[in-house]
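Close look at the chain arrangement
Residue-level listing of the chains:
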Amino acid sequence: MTEQLRLMAVHAHPDDESSKGAATMAKYVSEGADVLVVTCTGGERGSILNPKLQGDAYIEANIHEVRKKEMDEAREILGVKQEWLGFVDSGLPEGDPLPPLPDGCFALEDDEKAAGRLVATIRAFRPQVITTYDENGGYPHPDHIKTHTITMIAFDGASDTEKFPEADFGPAWQPQKLYYNQGFNKPRTLALHEGLLARGLESPYGEWLERVKQFERAERTLTTYVPCADFFEIRDKALLAHATQIDPDGGWFRVPLDVQREIWPTEEYELAKSLVDTSLPESDLFAGIRDNA
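Our subject in this report is the structure included herewith. (Residues numbered from 1 in each chain as written. Predicted model: local features only at pLDDT ≥ 70, side-chain atom pairs only at ≥ 80, totals over all residues. Heavy atoms only, no water.)

**Quick notes on the overall build of the protein chain**
Helix and strand counts for the protein chain stand at 11 helices and seven strands. The globule rule puts the C-alpha radius of gyration for 293 residues at 19 Å, and the 19 Å found for the protein chain is close to it. Overall, the C-alpha framework of the protein chain stretches about 60 × 45 × 40 Å when taken along its three principal axes. In the protein chain, of all internal contacts separated by at least 6 residues, the share reaching a separation of at least 24 is 80%. Total accessible area computed for the protein chain in this model is approximately 13900 Å², and 51% of it derives from carbon and sulfur atoms. (Helix = DSSP H or I, 4+ residues; strand = E, 2+ residues; numbered from the N terminus. Rg over C-alpha atoms; globule rule 2.2 N^0.38 Å. Contact = heavy atoms within 4.5 Å. Areas by Shrake-Rupley, 256 points an atom, 1.4 Å probe, with all protein chains shown as cover.)

See below:
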């Protein structure tokens, strides 16, 4: 029955799909589920984070096309489908005070109008499950926060034929579950940090753990732990495909895969909305749906 299962992952930029829930998606693809990544922007204003590619005149002049090709490669590695919503990257404002966001960017789009594009995509693909970011965006990038906002509107709006008429947005559809990606969570980070030190290995997480002690921040509720350790290597290959964004010698890859698989073999989610009965904690994003597919 898994060919009837459909998962949609809504992300802000190309590369987000490979750093958040990629192993989960690869796992479901391997089981025969239909998986669609929706990328809200083209990542046009993303900085070139790979030091080996910084200063490359061609990349700087053609960043939109370069990032599109990187997304094509990552999509093939993960085995997913992918669609662009067509919004323009807002960039990450820096400074004190923060500069205004650029005209025409995704973060300044009208919420309902922007959500309409996602509603049309949801109605066409008909996912039972959607994943996206929490209200903080995972981190406070304006495009991540906007992605959360329009996904919440579209989750309910896809079945609302008054707000989004079928003539304009396609036949109504109601997704059954919505999750927030919570792969960057303290329990996982702490477990990997302590596991590395116990093995006499260097941990890339020490500074981060010290830094978060300075902030009073409530821990998110982790409801769903998807076992996907067999797909960590695919996840990393997809991430490396985004060469402008990822330093192959950086912190993403400093924890050996065998250590990750042994210590923390799952990716984590927070169940934000469910229209089906399920028991927490879960190990399957389709819990409560799979038997009725």
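**Notes on the nonpolar core**
Among the nonpolar cores identified, the biggest contains 30 residues, and Leu7, Met25, Tyr28, Leu78, Val129, Leu285 and Phe286 are the most heavily contacted of them. Contributions of two or more residues to this core are made by β1 (6-11), α2 (22-30), β2 (34-41), α4 (63-78), α10 (232-241) and β7 (266-274). Residues within four places of Phe286 in sequence aside, it is in contact with Leu5, Arg6, Leu7, Tyr28, Gln128, Val129 and Lys177. Met8, Phe106, Met152 and Ala154 belong to the second-largest nonpolar core, a separate cluster that totals 25 residues. (Core = buried A, V, L, I, M, F, W, Y, C linked by side-chain atoms within 4.5 Å. Buried < 20%, exposed > 50% of the residue type's maximum accessible area, 1.4 Å probe, protein only.)

**Some thoughts on the side chain of Thr189**
Take Thr189: it is sitting in helix α8 (residues 186-198). For Thr189, a relative accessible area of 6% puts it in the buried group. At 2.9 Å, the side chain of Thr189 forms a polar contact with the backbone oxygen of Asn185. Apart from residues lying up to four places away in sequence, Thr189 is in contact with Tyr205, Trp208 and Leu209. (Polar contact = N/O pair within 3.5 Å; in protein donor to acceptor, adjacent residues only side chain to side chain.)

**Section: the packing of α4 against α10**
At their nearest, the axes of α4 and α10 sit 8 Å apart, and the two run at 170° to each other. With respect to each other, α4 and α10 are oriented roughly antiparallel. Contacts between α4 and α10 involve Glu70, Glu73, Ala74, Ile77 and Leu78 from the first element and Ile234, Lys237, Ala238 and Ala241 from the second. In terms of residue class, the contact of α4 with α10 is made up of six nonpolar, no polar and three charged. (Axes fitted to C-alpha atoms, helices over the stretch in contact; angles between N-to-C directions. Parallel < 35°, antiparallel > 145°, perpendicular 65-115°, else oblique. Nonpolar A, V, L, I, M, F, W, Y, C, P; charged D, E, K, R; others polar.)

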